[in-house]
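# Examining the three-dimensional arrangement
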Amino acid sequence: MSSEHKDVDQHSGTETTGHEWDGIKELNTPLPKWWLYTFYVTVVWALGYFIVFPAIPYFDGSKWDATGGVINYDQRAVVAEAVEENEARLKPYTEAIVKASFQEILADQELMDVAYAGGSIAFKENCAGCHGTGAQGFVAFPNLNDDDWLWGGTIEDIHQTITHGIRWEQDYDTRYSQMPSFGSDEILEKEDIKDVTQYVMQLGGLDHSAEAAARGATVFEEQCSVCHAADGKGDKTQGAPNLTDAIWLFGSDRETIYETIYYARNSVMPAWKERLDEATIKKLAVYVYSLGGGVEPSDAAAR
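Predicted model, so just to flag it, every value in this text is computed and none were measured.

## Topic: the packing of helix H2 (residues 75–99) against helix H4 (residues 109–126)
Contact pair H2 / H4: the axes reach a minimum separation of 10 Å and the direction vectors enclose 100°. Regarding the angle of H2 to H4, the classification is roughly perpendicular. Mapping the contact onto sequence places Leu90, Tyr93, Ala96 and Ile97 in H2 and Glu110, Leu111, Val114 and Ala115 in H4. Here the contact of H2 with H4 is composed, by residue class, of 7 nonpolar, no polar and 1 charged.

## Regarding the state of the cysteines
A full pass over the atoms with the stated rule returns 0 disulfides. For the unlinked cysteine Cys224, the closest cysteine sulfur is that of Cys227, found at 8.5 Å.

## Comments concerning the nonpolar core
Ranked by internal contacts, the top residues of the largest apolar core, which has 30 residues, are Ile105, Phe123, Ile158, Ile162, Leu284, Val286 and Val288. Secondary-structure elements contributing two or more residues to this core are helix H3 (102–107), H4, helix H6 (155–164) and helix H11 (278–289). Among all residues touching Ile105, those that are not within four sequence positions of it are Ile97, Ala100, Leu111, Met112, Ala115, Lys282 and Val286. One finds Ile193, Val196, Met201 and Tyr258 within the second-largest nonpolar core, a separate group that totals 17 residues.

## So, the domain arrangement of the protein
Domain annotation of the protein identifies domain 1 (33–66), domain 2 (85–175 + 268–302) and domain 3 (190–263). Once you take the C-alpha centre of each, domain 1 and domain 2 turn out to be 47 Å apart.

## Here's the deal with the packing of H4 against H11
Across the interface, H4 lies against H11 with an axial gap of 7 Å and an inter-helix angle of 95°. One element, H4, and the other, H11, form an angle in the roughly perpendicular class. Here Met112, Ala115, Tyr116, Gly118, Gly119, Ser120, Ala122, Phe123 and Lys124 of H4 lie close against H11, whose contacting residues are Thr280, Lys283, Leu284, Val286, Tyr287 and Val288. Looking at side-chain class alone, the contact of H4 with H11 contains 9 nonpolar, 4 polar and 2 charged residues.

## Quick word on the side chain of Arg175
Of note, Arg175 is situated in the loop between H6 and helix H7 (190–203). Given a relative accessible area of 14%, Arg175 falls into the buried group. A polar contact is formed between the side chain of Arg175 and the side chain of Thr161, at a distance of 3.2 Å. Residue contacts for Arg175: discarding those within four places in its chain leaves Trp151, Asp157, Gln160, Thr161, Gly165, Ile166 and Arg167.

## Side note on helix H10 (residues 254–263)
Within H10, the full set of buried residues consists of Thr256, Ile257, Tyr258, Thr260, Ile261 and Tyr262. Packed against the buried residues of H10 are H7. Looking one or two residues beyond H10, the residue adopting positive phi is Ala264, at roughly 80°.

## Considering the packing of aromatic side chains
Applying the stated criterion to the full structure yields 10 aromatic pairs. Aromatic pair Trp35 and Phe39: ring centres 5.7 Å apart, planes at 10°, arrangement stacked. Of this pair, Trp35 and Phe39 both sit in helix H1 (residues 33–52), 4 residues apart, roughly one helical turn. What makes Trp35 partly exposed here is its relative accessible area of 39%. Against the face of Phe250 rests Arg265, its NZ or CZ located 4.4 Å from the ring centre. Lying over the aromatic face of Trp272, Arg275 brings its terminal NZ or CZ to 4.9 Å of the ring centre.

## Considering the environment of Ser290
Positionally, Ser290 belongs in the segment after H11. Remark: the alpha-carbon pair of Ser290 and Ile155, spanning 135 residues in sequence, is separated by 9.1 Å.

## Notes on unusual backbone geometry
Glycine aside, residues mostly have negative phi angles, and peptide bonds mostly take the trans form. Non-glycine residue Asn72 carries a positive phi angle of around 55°. Inspection of the secondary structure puts Asn72 in the loop between strand S4 (64–66) and H2. Judged by relative accessible area, which is 57%, Asn72 ranks as exposed. Positive phi is not limited to glycine here, since Ala140 has a value of about 80°. Mapped onto the secondary structure, Ala140 falls in the loop between helix H5 (128–131) and H6.

## Side note on the pairing of strand S1 (residues 16–21)
When S1 meets strand S2 (residues 24–27), the two strands line up antiparallel, connected through 3 bridges. Each bridged residue has a counterpart across the sheet, and for Glu20 the counterpart in S2 is Lys25. In sequence, S1 turns back onto S2 through a hairpin of 2 residues, with Asp22 there showing a positive phi of about 55°.

What counts and what doesn't
- Residues numbered from 1 in each chain as written.
- Predicted model: local features only at pLDDT ≥ 70, side-chain atom pairs only at ≥ 80, totals over all residues.
- Heavy atoms only, no water.
- Axes fitted to C-alpha atoms, helices over the stretch in contact; angles between N-to-C directions.
- Helix = DSSP H or I, 4+ residues; strand = E, 2+ residues; numbered from the N terminus.
- Parallel < 35°, antiparallel > 145°, perpendicular 65-115°, else oblique.
- Contact = heavy atoms within 4.5 Å.
- Nonpolar A, V, L, I, M, F, W, Y, C, P; charged D, E, K, R; others polar.
- Disulfide = S-S within 2.5 Å.
- Core = buried A, V, L, I, M, F, W, Y, C linked by side-chain atoms within 4.5 Å.
- Buried < 20%, exposed > 50% of the residue type's maximum accessible area, 1.4 Å probe, protein only.
- Domains from an automatic or database assignment.
- Polar contact = N/O pair within 3.5 Å; in protein donor to acceptor, adjacent residues only side chain to side chain.
- Phe/Tyr/Trp six-rings, centres within 6.5 Å; stacked < 30°, edge-to-face > 60°.
- Lys NZ or Arg CZ within 6 Å of the ring centre and 35° of its normal.
- Pairing = 2+ DSSP bridges.

Spelled out as structure tokens, the structure:
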């Protein structure tokens, strides 16, 4: 727009862009000088950054890469160096943890601190996806903060479980037990499963039918007591849960218990020896043991 045809808003005294909509004119208000200068500085800074640091991508024919920049800075190398320095600093402790027994680790505060810190990090990286960041567990994934342990809660038991997993077929020493599918394998009639469901609810102190539970007691004795014990308190050597407490891995409502008996629950945990070194596994065992659970009558005095 030429100067003689400039349109100036009468109210603000500011030149307009010439655009008008429904009687409303768009003002051509200039940007503040400080904003413009700041913008120019950022443009210059960006251009300088592209020249000094690795920033300009290019395709070398087989893969994408980036220019090295004038100073040839590589953040990966900086991180790798920091990791190496940290590993070198911790190496004496790591070697000591591998060689020491768990009793020696628990008795040595310095080793204990290193093991706990390393185990906490390893837990969040490898275990939190199933057990939660606070080890609180979820449905089908055990809470590691309580004292209810399917396979035993001594620190040695925990180490064995982490190392070899549960029902992990690739490991000969895995924790293994097999709950029968009493319904889908036609071991029991549906009515018998309904009755034993009521008996299990009675064992757990849940609302139940006394008449059906009485019939289910006989079924339980014949089919279930060999693993869960006659009193329903379970057997840690078989990973058979205690049915008399208030802790239920899959749920305590009638439908869930019935489904568990009908189809069985045989969850799998990987053997971590295939992914983690012995030092990390021992740190994990110390960390899990220290969460507040893991106390067994035989080792409570050691805590």
